[in-house]
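Chain by chain, the residues:
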Amino acid sequence: MDSLADKLQDYPDSVIIKYGFKIGTWFRNRHRFDKASAVYVHVESKAVELNDSTSLCLAYFYLGLSYKNLGIANRGLQYLFKSQALAEKLNDLDGTAQALLLIGNVKKGQDLLHESIDFLARALTISEQLQDQEMMASIYNNLGSAHKKLGDYARAKEYFLASIELNKRYGNGKHLSHNCNKLANVFEETGELGNAIIY
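Report follows, based on the coordinates. (Residues numbered from 1 in each chain as written. Predicted model: local features only at pLDDT ≥ 70, side-chain atom pairs only at ≥ 80, totals over all residues. Heavy atoms only, no water.)

## A word on unusual backbone geometry
Backbone geometry places Asn91, a non-glycine residue, at a positive phi of 60 degrees. Summarising the element assignment, Asn91 is placed in the loop between helix 5 (73-89) and helix 6 (93-109). Judged by relative accessible area, Asn91 falls into the exposed class, the value being 69%. Phi at Gln131 takes a positive value of approximately 55 degrees, unusual for a residue other than glycine. Relative to the elements of secondary structure, Gln131 occurs in the loop between helix 7 (113-130) and helix 8 (133-150). With a relative accessible area of 63%, Gln131 lands in the exposed category. (Helix = DSSP H or I, 4+ residues; strand = E, 2+ residues; numbered from the N terminus. Buried < 20%, exposed > 50% of the residue type's maximum accessible area, 1.4 Å probe, protein only.)

## What to know about the nonpolar core
If you look at the biggest cluster of nonpolar residues, it comprises 43 residues, and the most contacted ones within it are Phe21, Ile139 and Leu143. Where this core is concerned, the elements lending two or more residues are helix 2 (13-29), helix 3 (33-50), helix 4 (53-69), helix 5, helix 6, helix 7, helix 8 and helix 9 (153-169). Considering every element that reaches this core, the biggest residue donor is helix 4, with 9 residues. With 6 residues, the next largest nonpolar core counts Ala156, Phe160, Ile164 and Leu176 among its residues. (Core = buried A, V, L, I, M, F, W, Y, C linked by side-chain atoms within 4.5 Å.)

## A look at the packing of helix 2 against helix 3
Contact geometry for helix 2 and helix 3: axes closest at 9 Å, N-to-C directions at 160 degrees. Here helix 3 runs roughly antiparallel to helix 2, going by the angle between their axes. Once helix 2 is placed against helix 3, the crossing between them reads as left-handed. When helix 2 is examined against helix 3, the residues Asp13, Ser14, Ile16, Ile17, Gly20, Phe21, Ile23, Gly24, Thr25, Phe27 and Arg28 are found in contact with a partner set consisting of Phe33, Lys35, Ala36, Val39, Tyr40, His42, Val43, Lys46, Ala47, Glu49 and Leu50. For the contact of helix 2 with helix 3, the residue count by class is 12 nonpolar, 5 polar and 5 charged. (Axes fitted to C-alpha atoms, helices over the stretch in contact; angles between N-to-C directions. Parallel < 35°, antiparallel > 145°, perpendicular 65-115°, else oblique. Left-handed = near helix turned anticlockwise from the far one by under 90°. Contact = heavy atoms within 4.5 Å. Nonpolar A, V, L, I, M, F, W, Y, C, P; charged D, E, K, R; others polar.)

## Here we look at the packing of helix 6 against helix 8
Between helix 6 and helix 8, the least distance of the axes is 10 Å, while the angle of their chain directions is 20 degrees. When the axes of helix 6 and helix 8 are compared, the pair comes out roughly parallel. Pair helix 6 / helix 8 crosses with left-handed handedness. Counting all contacts with helix 6, which are made through Asp94, Ala97, Gln98, Leu101, Asn105, Lys108 and Gly109, the residues of helix 8 involved are Met135, Ser138, Ile139, Asn142, Ser145, Ala146 and Lys149. Its residues assigned to classes, the contact of helix 6 with helix 8 comprises 5 nonpolar, 6 polar and 3 charged.

That's the geometry; what it means functionally is another story.
Structure (structure tokens):
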């Protein structure tokens, strides 16, 4: 990261922020979350210097995501809560919903399932307001997983089916396959083998 900072030091901070996000994405797409987090820390510092709240909110979000992917969940949550708070202050509904969704996802991974469902429900309310079908499908999928972990198979089925319906409607094959596998697992666990085979 020091060499990258050296290469960019002659550029304006706004340019460093712009390309910092691009470089961070490049590392994330290659699962180099350690490198990505280092880039986002640099972007965060530049956003603070410029008093650029929008970029700072995004840097917080990607730091939270990177630390989550590194398995440092609590550190990731610290940044995600910062991102959520700042997005709310900026009246950024999409940013608020995305932060809430990821917080719910992290809480689910920590088996804090009731907390997870609460954050996911708040994200769902906003995504419905935005009519963001892709986000809604992702939230339904996460809610299905949380309810499955709780042993509430009826609710899990409802949410997985809702996610499947949206992903079918919008041709999201990758997520559709993932949803179908999860729903099939629920049917297996409830002894509904005929339905499991269908999915």
